[in-house]
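# Survey of secondary and tertiary structure
Residues per chain are reported as follows:
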Amino acid sequence: MADLLTLLILTLSFTLATAVRPFVLVISNNDLIKDPSSSSSSLPSDSDSDSDWDDFAAPPPSSYDPWLSVLDPSSAEGGFNSSDNFVSSLSDLISAFSDGDPAAASVAAGRISAAANGGEAAAQSVLGFLYGSGVLRKPDRAKHFLFHHFAAEDGDLHSKMALAYSYFRQEMHEKAVVLYGELAEAAVTGFVISKEPPVVETVRLHSGTEENRKALRKSRGEDDEDFQITEYQAVRGNGVAMYNLGFLYYYGLRGLRRDHSKARHWFLKSVEKGDTRALELLGEIYARGAGVERNYTKAFEWLSLAAREGYYSAYNGLGYLYVKGYGVEQKNLTKAKEYFEIAAKNKEPGGHYNLGALYLKGLGVNRDISAACNYFMAAANNGQPKALFQLAKLFQKGVGLKKNLHMATLLYKTVAERGPWSSLARYALESYLKGEIGKALLLYSRMAELGYEVAQSNAAWILDRYGEQSMCMGESGGFCTDTERHARAHALWWQASEQGNEHAALLIGDAYYFGRGIDRDYERAAEAYEHARSQSNAQAMFNLGYMHEHGHGLPSDLHLAKRYYDQALEVDPTAKLPVMLALLSLYVRKNYASSFMVKLIDTLPETYPKIQDWVEGVLLEEGNATILTLLACLATVLYLRERQRRQGIALAQQQQAEEPAALVVPN
């Protein structure tokens with residue numbers, strides 16, 4: 001494994017419908033420290049091993065997060081430090097955005113400002129967000145940073161995320177890595193031992209410029225038709241449907257709220273019907289105390305049943321119990337290692353991760369940093385988040401891997417974005433589906449500040465798609481002006497493009513090229529298209545070719561234009577027709593430069609929008625469309641009747657010509 005070349009695929013937003021290409025980090029043997037003993041002083045000791053073996057620990061309560069406490073009061077538990085007055089003010093602010101009431105929003109923001117000036121960390125975090133986004137406040141980067149800094153110093157995790165992302169964008173990795181490291185560590189405490197999907201499914205509201213209806217339809221929770229069919233089948237005794245229903249409730253997928261009690265109910269029912277897939281998850285439920293009193297003995301029993309049925313990821317849970325000595329007679333590191341090896345041998349990422357942890361700490365084995373790194377890389381390559389966290393620590397400290405703060409920051413960021421604060425995405429989506437566009441925009445904007453690419457593109461798309469109906473509130477305390485709304489959408493699209501969203505970069509280029517909401521600037525349009533081209537976007541390649549052909553913001557160069565057109569076709573074969581037309585245009589321009597055809601081609605970009613506006617504004621207007629449809633039908637009928645009449649005449653003439661001439665008999 002010394003020559004292992006490992007690709008760590010880090011998708012910064014976890015979604016099924018995404019236009020974003022994943023970031024690929026390549027870790028080769030050149031990143032490995034050939035003499036790990038030289039960095040052994042930085043290795044973790046056995047005494048701190050417990051912090052890395054909390055697989056069954058209960059996830060941290062969401063009550064420390066005022067946003068989640070307001071959005072879901074039932075989740076609020078002990079440990080919340082913010083005052084009732086601030087929580088009430090935040091609730092009023094969210095309600096005002098939902099109702100589209102700028103006056104009420106301004107009053108709530110004023111109360112939050114007073115709480116922030118009084119030292120309330122959570123209020124300072126919200127005020128920093130308002131200043132940074134230009135919501136009900138004039139944008140002020142200094143105050144944005146200052147309030148987030150104070151809140152982060154007082155332990156506010158939202159502000160830590162905002163500052164970490166700000167440092168990340170500025171490539172200040174020394175500061176970003178520290179904050180993202182703290183956040184990632186807080187996030188991993190909520191991860192479980194086996195096949196944990198994203199904490200929250202982050203749904204992209206749009207596919208290109210259109211609403212992503214397919215993904216949204218599947219995110220309506222109990223109102224979804226597919227869910228209702230599954231529930232009906234489960235009630236009627238279908239074991240497979242019972243398991244599927246429990247799975248949806250356990251992980252809170254497809255718009256459902258997590259409900260461990262319901263999950264346990266349906267898992268037990270499915271096991272009674274002979275479906276063994278729920279055995280491991282039942283063991284996990286009892287080990288975590290999820291919706292039931294924690295019972296390690298029962299957890300061991302369920303996991304043992306799952307292992308005997310061939311569910312190899314259950315061996316990770318059994319190994320964990322032996323590492324900790326829970327539900328078994330005593331700790332047994334040898335047996336734990338055997339179980340982890342069984343899981344790893346059967347390609348379970350958790351098995352690789354757990355073996356890496358054993359070798360990193362020297363638990364039951366001789367400490368071997370190279371072996372630990374290889375195990376962590378194998379697990380990370382299969383998306384194991386705790387392995388990403390461990391690799392980030394090794395890169396940060398230069399233990400086993402050459403110190404690389406940039407790599408450490410990227411890995412920490414990927415893990416941190418799976419923390420409990422990502423639950424804001426669920427409430428933003430729920431609001432959007434309910435038609436509460438202003439509330440959805442507010443929540444997505446908050447997540448955008450924390451560095452979530454999908455939230456950035458969703459917020460930008462809402463601003464562009466809904467315009468005045470987006471309930472965007474500007475710096476003056478009223479609704480956004482068109483200029484404010486375009487500027488805010490532009491900034492969000494740009495942030496999303498920095499994180500790999502090629503469609504966002506393309507939209508920025510279009511905005512500069514056509515002057516949509518901003519002054520027309522061909523050079524900046526070319527920069528944005530080049531950014532999208534670097535992410536293999538065929539449309540951007542085509543646009544760059546067009547700009548070279550016409551000398552818009554780029555030197556007029558027909559050879560470069562052809563190269564870009566050819567690249568667009570290589571990347572996207574469906575672009576064959578427009579590329580053929582573009583190449584034909586190049587041919588005409590090269591060989592008949594002074595002909596009227598070149599002038600005709602050059603007028604098309606100005607003529608087409610006018611024709612398009614006429615079609616949309618006149619032909620597609622509801623009343624006109626109806627009349628035109630009737631006229632088209634009438635014209636079709638008349639044409640067919642005339643065609644039939646002419647065919648009848650032609651047939652008669654043909655028959656007459658084919659008849660033999662009558663013989664004339666002389667008298």
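Residues numbered from 1 in each chain as written. Predicted model: local features only at pLDDT ≥ 70, side-chain atom pairs only at ≥ 80, totals over all residues. Heavy atoms only, no water.

Enumeration over the complete set of coordinates arrives at 25 aromatic pairs. Taking the centre distance of 6.0 Å and the plane angle of 0° together, the rings of Tyr-131 and Phe-147 count as stacked. With Tyr-131 in helix 4 (residues 121-133) and Phe-147 in helix 5 (residues 141-153), this pair connects stretches of sequence that are 16 residues apart. Residue Tyr-131 is classed as buried on the basis of its relative accessible area, which comes to 13%. Ring geometry for Tyr-312 and Tyr-315: centres 6.2 Å apart, planes at 20°, overall stacked. Its relative accessible area of 34% is what places Tyr-312 among the partly exposed residues. Cluster of aromatic residues (ring-pair linked, three or more members): Tyr-243, Phe-247, Tyr-250, Tyr-251 and Phe-267. (Phe/Tyr/Trp six-rings, centres within 6.5 Å; stacked < 30°, edge-to-face > 60°. Helix = DSSP H or I, 4+ residues; strand = E, 2+ residues; numbered from the N terminus. Buried < 20%, exposed > 50% of the residue type's maximum accessible area, 1.4 Å probe, protein only.)

Bringing helix 19 (residues 405-416) into the picture now. Along its 12 residues, helix 19 runs 16 Å from first to last C-alpha, staying within 8% of the 16 Å computed at 1.5 Å per residue. With 10 of 12 residues buried, helix 19 lies mostly within the body of the structure. Measuring from the side-chain oxygen of the N-cap residue of helix 19 to the backbone nitrogen of His-406 gives 3.2 Å; that N-cap residue is Asn-404. (Expected span 1.5 Å × (residues − 1). Polar contact = N/O pair within 3.5 Å; in protein donor to acceptor, adjacent residues only side chain to side chain.)

Turning next to the pattern of salt bridges. It is possible for side chains of opposite charge to pair when their charged atoms get near one another. Under the counting rule described, the total for this entry stands at 20 salt bridges. The closest approach of N and O atoms between Arg-446 and Glu-449, which form a salt bridge, is 3.0 Å. Placement of both Arg-446 and Glu-449 in helix 21 (residues 437-449) is noted, with a separation of 3 residues, approximately one turn of the helix. You'll find Arg-446 and Glu-449 in the same group, each marked buried. (Salt bridge = Lys/Arg side-chain N within 4 Å of Asp/Glu carboxyl O.)

Looking at the chain, the pLDDT average stands at 83 and 78% of residues meet or exceed 70. Scored below 50 in pLDDT, residues 1-24 shows 75 contacts in the model against residues more than four places distant or in partner chains. (pLDDT = per-residue confidence, 0-100. Contact = heavy atoms within 4.5 Å.)

When we look at burial in helix 9 (residues 225-235), the residues that qualify are Phe-227, Thr-230 and Ala-234. Viewed along the axis of helix 9, the buried residues span an arc of 65°, placing them on a single side of the element. Helix 9 presents Glu-225, Tyr-232 and Val-235 as exposed residues on the side facing more than 90 degrees away from its buried surface. Looking at the buried residues of helix 9, the elements they touch are helix 10 (239-251) and helix 11 (260-272). Phi for Gly-237, located one or two positions after helix 9, is positive at around 100°. (Arc of directions from axis to C-beta.)

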